[in-house]
Structures are given as structure tokens and as C-alpha cells.
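Residues per chain are reported as follows:
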Amino acid sequence: MKKRFTFLLILSVTLFFSSFSQTTSSVIKKSKRPKVGLVLSGGGAKGFAYIGLFRVLKEVGLHIDYVAGTSIGSIMAGFYAAGYDPDSLPDIVRAQDWDKVMSDGVDRKFIPFIDKEMGNKLIITLPIEKAGKGVSLMSSLSEGQNVDLLLNRFFGSQYKVTDFSKLPVPFFCVATDLFTGNAVLLDSGNMVKAIRASMSIPGYFNPVKIGDKYLVDGGVVNNYPVKDMKDRGVDFVIGGDVQQGLLHDIKDLNTVTSVIMQITGYHAVEANNVGMANTDLYIHFDMGKYDMMSFTDYDSIMAIGERTARAHYDELKALADSLNAIEFVPGNKFSGHPLDSIFVADVSVVGNKKVPLKYFSNLLNSIVNKKTSVHKLESIINYMYGSGFFKHVTYQLNNAGQDKVNVIIDVEETSLGVLAAGVHFDSDYGGMLLTNAMFKNLLIRGSKLYVNFQVGNNARLRTMFAMDRGSKPGFGFETDFYGFKFGDYRGDVKTNELGFTNYKFTAFASNTWLSQYNFRFGFDYEYFSLTQKVVVDSLYESMSGFNSYGSIFASLHADTRNNKVYPTSGFYFKGRIEYVFPLSNNWSDKLFQNSGIFYLKYKGNIQISKQQKMVLQPEMFIGGTIRNEIPPLQHWFGFGGINNFQFQDNIIQFAGTKFIQKFGFYTAVGRLKLQYNFYKKLYVILRDDFGVITTTISQKPTGDNFVNGYALTLAYNSFIGPIELTGMSSNVAGASLFLSVGFWF
């Protein structure tokens, strides 16, 4: 405070003497206007508070000559340096999905169709490295994939500027050399990369390579670089500080990020003391309960920033007036904005070793030598990242002259594969241990091998090898070995227990569009057996031995849903037609006929409230044989139970009924669900199911084959997967409860 008043006194005295006499101006020269710098500390989400300071600086007309920051301070200083209007920043902050930005999640529409089908989310996921390294742990919580996209979106417009002193407001930021622990001042190069390095929190984000250095968050050694600002010839420094010092209560160290920041904060104490000693106008923002990860509390944080900055309004106004009395310089101009479109001269990819670029050739060629939107470029990056072949994909814009850019896409390929594990229990299939492994480029470049294994009362081993070639035709092979048990019912009474065992082999060719639409045709071979617990049916008993069956099929899939478990937009569709025939030369080819079978499945989502809280979900299933044939038993349609996953597509869930309570050759089912996300991860789901299942197409719906069921589900979307408790009933079965816990395949 004393230093600030001394500086203002000097300004006033200088002003007095500079205006003493115009006739002596040649003797008593007017003092040179002091340079003013703005330095912003790191502090994660708390840095949103600086927006209030920017707005006050704009109001008082104070011209800032230099701006700098560390970590989030570098991002906010970057906005100021790039000329963004402070009044536009609140809307920019509010427009982001911060949970997504701080993770490596990608919209489901960018995930390859085959990964939607086979690559399921489980509780524990570990990378599988190349031979000799085995299974490993992740080196950081996040690769920073979405942070990179965000920074490119807002600072990519400065691609022509490689000397940061040439920005609308000169700028620098601070990072830390990972190997020496020394502070690294970044004042040239690529602005996006510099800011990304400055905010790379150790353990949370991966280091950033610039030149021959690997850099992490500057806050490790210098979270408040005022001394560096003074060393650049700046006379007066305004310091914004959202730090709250080291924590002293173990109860406050209750998250991974809080522990990381506590450890890294030890080394920044000395630099903070030096910085505060060199600060001329110090503005501390007391953030109270908010911490570095409070990104979704942006409105509250910005409100604190506004109140705090306005408490210093008079001091900032007096400083601006004093400076302008020496030499009038208007306030900073604010004309910065994100790039909307670019003219791409060329695209190059660096870092790929195993993944052939032809996988992405259609995407990359679509933007070369033409004007394209940044949104489309981001979509290409997301498709590449969503492919699963890369753990990090970012881009850099280089000036190609004549308002054209060269796009450099930098990729880092993933590990050999991923191993995942989880548990599942439900009232139909019982308890299961789930394991999932996916291997990339294992046998052929661009290939994927999936292995899903379920151990429990109803075991299953499913594998798929596929040549995933993006938008180009591909092929694959699949095996599916499974067995499960279910009741045989007469009305609502269980009279026996049946068991399906099937060993299935598939070869197929396929084509995918936009990762959301897939056409497939191929051949299935099945080695199938049916067993019964109590021998009461001679027909069932004759099927107890294994017999061979074949089928030729074609299918069309579409999946545009934003979420597999609790979607709020998009739709799912599957249509399949197959010709099934017995291959064994015994009773099976006499009992069952060569049969043409078809089915159509649809699930939609219609938003009926704001923020996607309430969604109406119409669904339908239609299937049958084409010429009234009797197909092999495993191709009959069966419905009953409300399990969200089935071993066979021709098993249809139906509220208020027992698991596979009814069989038939023809079925039509309609369903209407109302899904309401009433609190955070809690849902309530109402549903009404109605349908008919018959053995002949001419059979009319009656009380015996027409079913109407309804259900009420309370659900929690937990880290181990959805936990659902359902009460249900129907006109063919009494009231019952169904419990499902955990992810499913």
C-alpha cells in the first residue's frame, strides 16, 4: 500500500512540474509515461474471477502495456493479449461443458460403430503396452485432449504471431522444465502450445514438448511472475491473485487434485513472496469455498471477481487518470474473436507409425485447398481421436501466406490395447464378472481385436477381429460362445428350466458412414443345443444334442444416441434379414425348415423439457418369418423381462413379464418410456409396453398372445454402472421386482 501511494505521489509531482510552464518545456521535459503490466496468478477455475478485473480496467480506461500469467492466469492473460472484449468472456465461459473439457471424453458420434458395439465402459481400465511391459498405469489423469481443442478455438486466430510482443497486448507466460525444475518463460512460438504448457498440472495433464523441453505447469516454481514482468522494463505492476496458500487441515486434502496442488505449492512459496514484494497494486480475490476444480461454479466465481475488482475501482481510476495526465493513451482496443473459418493450403500428420493415413484420407482430403470452418476441422480431430488408435490428437495452424494456413496434426498412438473389468448382477442372468480387452494393430495395421468374457451363472465369450477402415469397406470375423438358462412357462407358472448353449462363428464384410451408420452382410455358423432341467417334453429332449445351422444375413444399423445408458438425443435402429438353414443331416433338418427371417428394432429420444431433463422415448420391435416356416429354435422370437442386454437380438425385453415368458414366430411390440433426470445422476423411468406374439401371421391378437405391461424404475448412474430397481406388472403376470447393478455387454 505504501509503495502504491508513493508511486501516485510521484505521478502528481511530475504532473505539476510538467505543466509549470510551457515556455520552459525545452528545459523541463515532460516525463515519459510509465509502462503498466498486468500479472495473473494460477489457481484453476478460480481464475474466472479475473474477468471482473478486466471489465473494471476497461471502464476506467487504463491502458495495459504488458500482460502475463501462469496456468489459468496464462489463459485469462491470453484472452486479454488477443484482444477479447471483457464483456464477451462471461458468455464464453458459460458456453463450455467444463466437465467434458477437463476430461478426455469425446462425443459418442465420433466413436467408430464397431467400438460402440464391442468396446464397453467398465469400472477399471488399464493400458496394455507392447511385449515386455505388460499392463501399465496411466501417467496422468488426462491427456488434455479437449483442453487443446478449446485453446485452439480461441487462440488459434493468432497463428500469424510468433513473437508474443507483437500481439494486441504483449504477452508472456511461465512453464516449468520437467527435468530441471527451472522456470521457463514463454514469449515466442505458438501461443496455443505455450498456454497449454503453462497450465499442464503435473499428474493431471501430460507434459507438453516444446523444442527439446518437456514442460509442465508454471505454478510448480513460479505461480505469480511479477519479477519477470519488472525485468521486462515495466514500471508499474497490477497483480491479480486467486491463490489461497497451502492448506493446513487434512480434511481439506480430500481429492487427488487438492493433494497434487498442495505438493506443487511448496516450491512456489518463495516465488510468490518475491512477486508480492514487486507488486505495485495487489488485488487478492478471496474465493472462499471454491477451489481449482470448481469449473461448474463459474457464475459464482465471476461474481466474486466482479465485487473484488470494483472494490479497487477508485485506485484503478486514479492510476489511469494520473497516467493519462502525463501522456494520454486510450484504453486497450478489444477486437479479438475466435477463428470462424480458414483456407487450408495443406494438411500433414506427424507421429503416426502403425496407423495408415488412408484410414483418414477422405476426412483430410475434404479440407485441403479450400476454405473450411474451424468446426469441421475440430470434427476431423474428434473422428481421429474417437477412432481409438490415438491417445492424443491436436493440431497447429502455421502461416502459409496469402491468408492461408498449413494444418499440422500431431498424433500420439495408443498402447497396444486396453484391459477393462467390471461386475454385473441382474435378476435374470444372475451375477457376472466382466472382462474386456481390445488390441489395436495386433496382426494387421489398422485392425482391432476385441475379447469380451463373462464369468458367472451364465457364461459368455465373445471375440471380434475387424479391419476398421473408417469410411471405406472393411471385413471381420466374430465368435460368440454362450450359455444361459430361463424358465419354461405355462401362463404365469414356471413348469421347467431350459438352457441354451450356442457356439457361433461369423464372417462379414461391412461399410460404415460417419461412425453412426453401418451396413453388414455375411455368414453365420451355429453349433446349438437345448437342455431341460426336468425331462418332461420329448421335443425338447430331442434337441439336447448339438446340431449345426447356417445363415446368410444382411443388416443395417444406425446409432446416433448421445449416451448408451441414459440417452437424451439421437436414435437407435437395427434391421436384419437372414436366411437360416439346418446343416446337420438328422432330425433337425426334418423338424426345422429353411427359413427367411426379418426384424426391425427402433429406439428414439424426444426432448420435452429444457436441459434434456425429461425425454420421451418411443420404441418398437417388429419381426417374423417370411413364408410361415418353422425356423431353428434359437431363431424364434421370445419376449419377457426388462434386461437391457441380451445374448440374442431376437429376445425382446417386455415390462411385467418373466424372462422369455413367451415364444413365437411373429411379434410386434411397441413401447413408450418417459425418462426424467430429477437430480444429478438420479433418474426415474416410466414405461408402458404393449405387443403381440404368435406362431402364425394370421393369428389374431387375443388375451393369450396380446400382452400389456408397465413398470416404474428408479435408477442411479454410478461409477460401477447403472443401478436400477424396477417394479412392474402386466396382464399375464403378477407384480414383481427387477434389480440390475453394473455395466453390461
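Conventions adopted
- Residues numbered from 1 in each chain as written.
- Predicted model: local features only at pLDDT ≥ 70, side-chain atom pairs only at ≥ 80, totals over all residues.
- Heavy atoms only, no water.
- Helix = DSSP H or I, 4+ residues; strand = E, 2+ residues; numbered from the N terminus.
- Buried < 20%, exposed > 50% of the residue type's maximum accessible area, 1.4 Å probe, protein only.
- Contact = heavy atoms within 4.5 Å.
- 1 Å grid on protein atoms, 1.4 Å probe; cavity = no way out; pocket = protein on both sides within 12 Å on 5 of 7 lines; lining within 4 Å.
- Points joined across faces, edges and corners; volume = space filled by probe spheres on them.
- Nonpolar A, V, L, I, M, F, W, Y, C, P; charged D, E, K, R; others polar.
- Pairing = 2+ DSSP bridges.
- Expected span 1.5 Å × (residues − 1).
- Axes fitted to C-alpha atoms, helices over the stretch in contact; angles between N-to-C directions.
- Phe/Tyr/Trp six-rings, centres within 6.5 Å; stacked < 30°, edge-to-face > 60°.
- Parallel < 35°, antiparallel > 145°, perpendicular 65-115°, else oblique.
- Left-handed = near helix turned anticlockwise from the far one by under 90°.
- Patch = residues over 30% accessible without salt bridge, like charges linked within 9 Å, V, L, I, M, F, W, Y side chains within 5 Å.
- Areas by Shrake-Rupley, 256 points an atom, 1.4 Å probe, with all protein chains shown as cover.
- Salt bridge = Lys/Arg side-chain N within 4 Å of Asp/Glu carboxyl O.
- pLDDT = per-residue confidence, 0-100.
- Core = buried A, V, L, I, M, F, W, Y, C linked by side-chain atoms within 4.5 Å.

1. So, the overall build of the protein
Here's step 1: Looking only at helices and strands, the protein features 17 helices and 33 strands.
Here's step 2: Counting the 745 residues in the protein, one finds 53% classified as buried.
Here's step 3: A separation of at least 24 residues holds for 66% of the contacts in the protein among residues at least 6 apart in sequence.

2. Quick word on empty space enclosed by the protein
Here's step 1: Counted by the stated rule, this structure contains two cavities of 30 Å³ or more.
Here's step 2: Estimated volume of the second largest cavity: approximately 40 Å³.
Here's step 3: If you trace the second largest cavity, you find it lined by Phe500, Leu633, Gln634, Trp636, Phe637, Gly638, Gln648, Asn650, Ile651, Ile660 and Phe663.
Here's step 4: Here the lining of the second largest cavity is composed, by residue class, of seven nonpolar, four polar and no charged.

3. Here's the deal with the sheet that holds strand 26 (residues 637-639)
Here's step 1: One open sheet holds the three strands; their spatial order is 27-26-28, and the pairing between them is mixed. This sheet does not close on itself; its edge strands, each paired only once, are strand 27 (651-652) and strand 28 (662-664).
Here's step 2: Pairing of strand 26 with strand 28 involves three bridges; the strand directions are antiparallel. Looking at strand 28, one finds that Phe639 is bridged to Lys662.

4. Overview of helix 12 (residues 298-310)
Residues lying three or four places apart along an α-helix face the same way, a consequence of the helix completing one turn every 3.6 residues.
Here's step 1: For helix 12, built from 13 residues, the straight-helix expectation of 18 Å at 1.5 Å per residue is met to within 8% by its first-to-last C-alpha distance of 18 Å.
Here's step 2: For helix 12, the set of buried residues is Tyr298, Ile301, Met302, Ile304, Gly305, Glu306, Thr308 and Ala309.

5. Overview of the sheet that holds strand 12 (residues 390-401)
Here's step 1: Strand order in the open sheet made by the four strands is 11-10-13-12, with mixed pairing throughout. Of all strands in the sheet, those with a lone pairing partner are strand 11 (370-373) and strand 12, marking the two edges. Ignoring which end each strand starts from, the neighbouring axes of this sheet average 50 degrees apart.
Here's step 2: With 10 bridges joining them, strand 12 and strand 13 (residues 404-413) adopt antiparallel strand pairing. By the bridge assignment for strand 13, Gln396 is matched with Ile408.

6. Points about the packing of aromatic side chains
Here's step 1: Applying the stated rule across the entire model yields 45 aromatic pairs.
Here's step 2: Pairing Phe500 with Phe528 gives two aromatic rings, centres 5.0 Å apart and planes at 85 degrees, and the pair type is edge-to-face. Remark: Phe528 occurs in strand 20 (residues 517-532) and Phe500 occurs in strand 19 (residues 493-513); sequence separation between them is 28 residues.
Here's step 3: A relative accessible area of 4% means that Phe500 is categorised as buried.
Here's step 4: Under the relative-accessibility criterion, Phe528 is labelled buried at 3%.
Here's step 5: An aromatic cluster of at least three residues, connected via ring pairs, comprises Tyr429, Tyr482, Phe484, Phe486, Phe500, Phe528, Trp636, Phe647, Phe659, Phe663 and Phe665.

7. Quick word on the packing of helix 3 (residues 72-81) against helix 7 (residues 145-155)
To characterise two packed helices, one gives the angle between the axes of the helices and the distance between these axes.
Here's step 1: It is at 11 Å that the axes of helix 3 and helix 7 come closest, and there the two elements cross at 20 degrees. When the axes of helix 3 and helix 7 are compared, the pair comes out roughly parallel. Classified by chirality, the crossing of helix 7 by helix 3 is left-handed. From helix 3, Ile75, Gly78 and Phe79 reach across to helix 7, where they touch Leu151, Phe154 and Phe155.
Here's step 2: Looking at the contact of helix 3 with helix 7 residue by residue, the classes come out as five nonpolar, one polar and no charged.

8. Let's talk about a nonpolar patch on the surface
Here's step 1: Taken together, the side chains of Ile123, Ile124, Val423, Leu433, Phe453, Val455 and Phe719 define a hydrophobic patch exposed on the protein surface, amounting to about 640 Å² of accessible area.
Here's step 2: With respect to the secondary-structure elements, Leu433 resides in strand 15 (residues 430-440).

9. Structural notes on the pattern of salt bridges
Here's step 1: All told, the structure shown has 35 salt bridges when counted by the stated rule.
Here's step 2: A salt bridge links Asp85 to Lys58, with the shortest nitrogen-to-oxygen separation between them at 3.0 Å. Note that Asp85 is positioned in the loop between helix 3 and helix 4 (89-94) and Lys58 in helix 2 (residues 50-60), a separation of 27 residues in sequence.
Here's step 3: In this structure, Arg153 and Glu378 form a salt bridge, with 2.8 Å as the shortest nitrogen-oxygen distance. Of this pair, Arg153 sits in helix 7 while Glu378 sits in helix 15 (residues 374-386), and the two are 225 residues apart along the sequence.
Here's step 4: Exposure remark for Arg153: the relative accessible area of 25% places this residue in the partly exposed category.
Here's step 5: Through salt bridges with shared partners, a single network forms among Arg55, Lys58, Glu59, Asp85, Asp87, Glu306 and Arg310.

10. A closer look at unusual backbone geometry
If a residue is not glycine, its phi is most likely negative; likewise, a peptide bond is most likely trans.
Here's step 1: For Ser515, which is not a glycine, the phi torsion comes out positive at approximately 60 degrees.
Here's step 2: Looking at the secondary structure, you find Ser515 in the loop between strand 19 and strand 20.
Here's step 3: A positive phi angle is found at Lys680, which is not glycine, with a value near 45 degrees.
Here's step 4: Residue classification places Lys680 among the exposed positions, given a relative accessible area of 61%.

11. A short note on the pairing of strand 22 (residues 572-582)
Here's step 1: With respect to burial, strand 22 is a largely interior element, eight of its 11 residues being buried.
Here's step 2: When strand 22 meets strand 23 (residues 595-603), the two strands line up antiparallel, connected through nine bridges. Paired with Val580 across the two strands is Ser595, which belongs to strand 23.

12. Here's the deal with the confidence of the model for the protein
Here's step 1: In this model, the protein carries an average pLDDT of 87, and 89% of its residues clear a pLDDT of 70 or more.
Here's step 2: Below a pLDDT of 50 lies the segment residues 1-30, which in the model reaches 26 contacts outside its immediate sequence neighbourhood of four places, other chains included.

13. A short note on the environment of Ala554
Here's step 1: Its location among the elements puts Ala554 in strand 21 (residues 547-559).
Here's step 2: Between the C-alpha atom of Ala554 and that of Arg576, which follows or precedes it by 22 residues, the distance is 5.8 Å.
Here's step 3: Residues contacting Ala554, with those up to four places away along its chain left out, are Phe519, Arg520, Phe521, Gly575, Arg576 and Ile577.

14. Describing the environment of Lys603
Here's step 1: By secondary structure assignment, the location of Lys603 is in strand 23.
Here's step 2: Since its relative accessible area comes to 25%, Lys603 is described here as partly exposed.
Here's step 3: Separated by 68 residues in sequence, Lys603 and Arg671 have C-alpha atoms that sit 9.1 Å apart.

15. With respect to the nonpolar core
Here's step 1: With 75 residues, the main nonpolar core has Leu62, Phe171 and Ile238 as its most contacted residues.
Here's step 2: In this structure Phe171 touches Tyr66, Val67, Ser74, Ala77, Gly78, Ala81, Phe164, Asp187, Met191 and Ile195, once residues within four positions along its chain are discounted.
Here's step 3: By size, the runner-up hydrophobic cluster in this structure holds 26 residues, among which are Leu364, Val374, Ile380 and Leu397.

16. Topic: the side chain of Gln634
Here's step 1: Among the structural elements, Gln634 can be located in the loop between strand 25 (614-625) and strand 26.
Here's step 2: Excluding residues that lie within four positions of it along the chain, Gln634 makes contacts with Phe500, Glu526, Phe528, Tyr549, Gln648 and Asn650.

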